[in-house]
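Structure at a glance
Here is how the chains run, residue by residue.
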Amino acid sequence: PFTMSALGTIPRSASRDPAVVAPAVIAVARSPASIIRGTRGLLMLSVLSLGASFVNYGSNLAFARVLSPASYGDLTSLLAVSVVVAVPLAAAQTRVAGRVAAYATEHRWGRVQDTVRQALMQLTMVAIVATALYCAAIPLIVSVFRLQAVGLAIALAPLVFVGFLFPPLQGTLQ
């Protein structure tokens, strides 16, 4: 009784109605400019993700050679904590990506910019608070994780801050 279209699932009886079919066909037809923009965004996301992977690999290699095994273990445990903290921020990435995609298909570029700007402003405030809380909890983190030095915990503070800002930027590129 239902059929799939570009607008979602619609009743089969309604799919014969030209008023329903026409918007579905229009939604599928995309201009060359929007295809180029989408391809450019996908390419940029791919290049940035690849670059982040190379930086991650290179930094792991460098830290493995510079740090003692115990210090390297401290570093990896702190990085694991930062990943666990960043997981809930995937919701922000999904929300920004959905809004940006909706406004971009309607060619409302001003709304796209406003959405990204608002997301960055709100998450910057959250990042400041989260980083301050993290810095205040450094003595507790050092004792809970039995870190050999406080320096690694302090060095993670900028990563905590940036970790809150990355999801909306990645959501914009999706």
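In this report, the structure presented in the accompanying data block is examined. (Residues numbered from 1 in each chain as written. Predicted model: local features only at pLDDT ≥ 70, side-chain atom pairs only at ≥ 80, totals over all residues. Heavy atoms only, no water.)

Some thoughts on the packing of helix α4 (residues 90–105) against helix α8 (residues 157–173)
Helix-helix packing is characterised by the crossing angle of the two axes and by the distance between the axes. Counted only if it meets this: Orientation is described by axes fitted as lines to C-alpha atoms, over the contacting stretch for helices, and by angles from 0 to 180 degrees between their N-to-C directions. Every helix listed is a DSSP run of H or I at least four residues long, and every strand listed is a run of E at least two residues long, numbered separately from the N terminus. Crossing handedness is defined as follows: a turn of the near helix away from the far one that is anticlockwise and smaller than a right angle gives a left-handed crossing, while the clockwise case is right-handed. Between two residues, a contact is recorded if the distance between any of their heavy atoms is within 4.5 Å. Just so you know the grouping, Ala, Val, Leu, Ile, Met, Phe, Trp, Tyr, Cys and Pro go in nonpolar, Asp, Glu, Lys and Arg go in charged, and all remaining residues, Gly too, go in polar.
It is the contact of α4 with α8, at a shortest axis distance of 7 Å, that shows an interaxial angle of 30°. Between α4 and α8 lies a crossing whose hand is right-handed. Judged by residue contacts, Q93, V96, A97 and V100 of α4 engage P167, P168, Q170, G171 and T172 from α8. Its residues assigned to classes, the contact of α4 with α8 shows five nonpolar, four polar and no charged.

Thoughts on α4
For clarity, the cut-off: To estimate how far a helix should extend, the number of its residues minus one is multiplied by 1.5 Å. Burial classes: relative accessible area under 20% of the type maximum marks a residue as buried, over 50% as exposed, and values in between as partly exposed (1.4 Å probe, protein chains only). Arc definition: it is the arc formed by the directions from the helix axis to the C-beta atoms.
Taking 1.5 Å as the rise per residue, α4 with 16 residues should run 22 Å; its terminal C-alpha atoms sit 22 Å apart, in good agreement. Residues Q93, V96, A97, V100, Y103 and A104 constitute the buried set of α4. Along the axis of α4, the buried positions cluster into a sector of 140°, meaning they face one direction only. Facing away from the buried side of α4 by more than 90 degrees, the exposed set consists of A91, T94, R95 and T105. Contact partners of the buried residues in α4: α5 (109–136) and α8. One or two steps after α4, the chain reaches H107, where phi turns positive at roughly 60°.

Considering the side chain of T115
Selection criterion: Counted as a polar contact is a pair of N or O atoms within 3.5 Å, where, for protein atoms, one must be capable of donating a hydrogen and the other of accepting one, and residues adjacent in sequence contribute only when both atoms are in side chains.
Looking at the element boundaries, T115 is found in helix α5. At a separation of 2.8 Å, a polar atom in the side chain of T115 contacts the main-chain carbonyl oxygen of R111. Contacts of T115, omitting those with residues within four sequence positions, involve R99 and Y103.

Quick notes on the pattern of salt bridges
The line we're drawing: In the sections that follow, a salt bridge refers to a side-chain nitrogen of Lys or Arg positioned within 4 Å of a carboxyl oxygen of Asp or Glu.
Throughout the structure, instances matching the rule amount to two salt bridges. Linking R108 and E106 is a salt bridge whose minimum nitrogen-to-oxygen distance equals 3.1 Å. By relative accessible area, which is 38% here, R108 ends up partly exposed.

Some thoughts on α8
The condition that has to hold: The term bend refers to the angle at a residue between two fitted axes, each drawn through seven residues, those ending there and those starting there.
Relative to the 24 Å expected for 17 residues at 1.5 Å per residue, α8 spans 25 Å between its end C-alpha atoms, a close match to the ideal helical length. Along α8, the sharpest kink reaches roughly 30°, centred on L165 and followed within four residues by the proline P167. Every buried residue of α8 is listed here: A157, V160, F164, L165, P167, P168, Q170, G171 and L173.

A word on the environment of L173
Structurally, the position occupied by L173 is in helix α8. Considering only alpha carbons, one finds L173 and V96, 77 residues apart in sequence, at a separation of 9.6 Å. For L173, the residues in contact, after removing those within four places along its chain, are G41, M44, L45 and L48.

Examining a nonpolar patch on the surface
The line we're drawing: Note that patches include only residues with greater than 30% relative accessible area and no salt bridge, and the join distances are 9 Å for like charges and 5 Å for nonpolar side chains (Val, Leu, Ile, Met, Phe, Trp, Tyr). Accessible areas in this description were obtained via Shrake-Rupley with a 1.4 Å probe; residue shielding takes into account the shown protein chains only.
Together, L140, V144 and F145 make up an exposed nonpolar region whose accessible area comes to about 280 Å². Tracing the backbone through its elements, the reader meets F145 in the loop between α6 (138–144) and α7 (151–155).

Description of unusual backbone geometry
At H107, a position not held by glycine, the phi torsion is positive, near 60°. When you line up the elements, H107 lands in the loop between α4 and α5. Not every positive phi belongs to a glycine, and R146 is a case in point at roughly 55°. Topologically, R146 is positioned in the loop between α6 and α7.

As for the side chain of D74
Note the cut-off: In this charge count, Lys and Arg are treated as positive and Asp and Glu as negative; neither His nor the chain ends contribute.
In this fold, D74 is placed in helix α3 (residues 69–86). For D74, which is buried and forms no salt bridge, the nearest opposite charge comes from R146, at a distance of 9.7 Å. A polar contact of 3.0 Å, which involves the side chain of D74, links it to the backbone nitrogen of Q148. Aside from chain neighbours lying at most four places away, what touches D74 is R146, L147, Q148 and L152.

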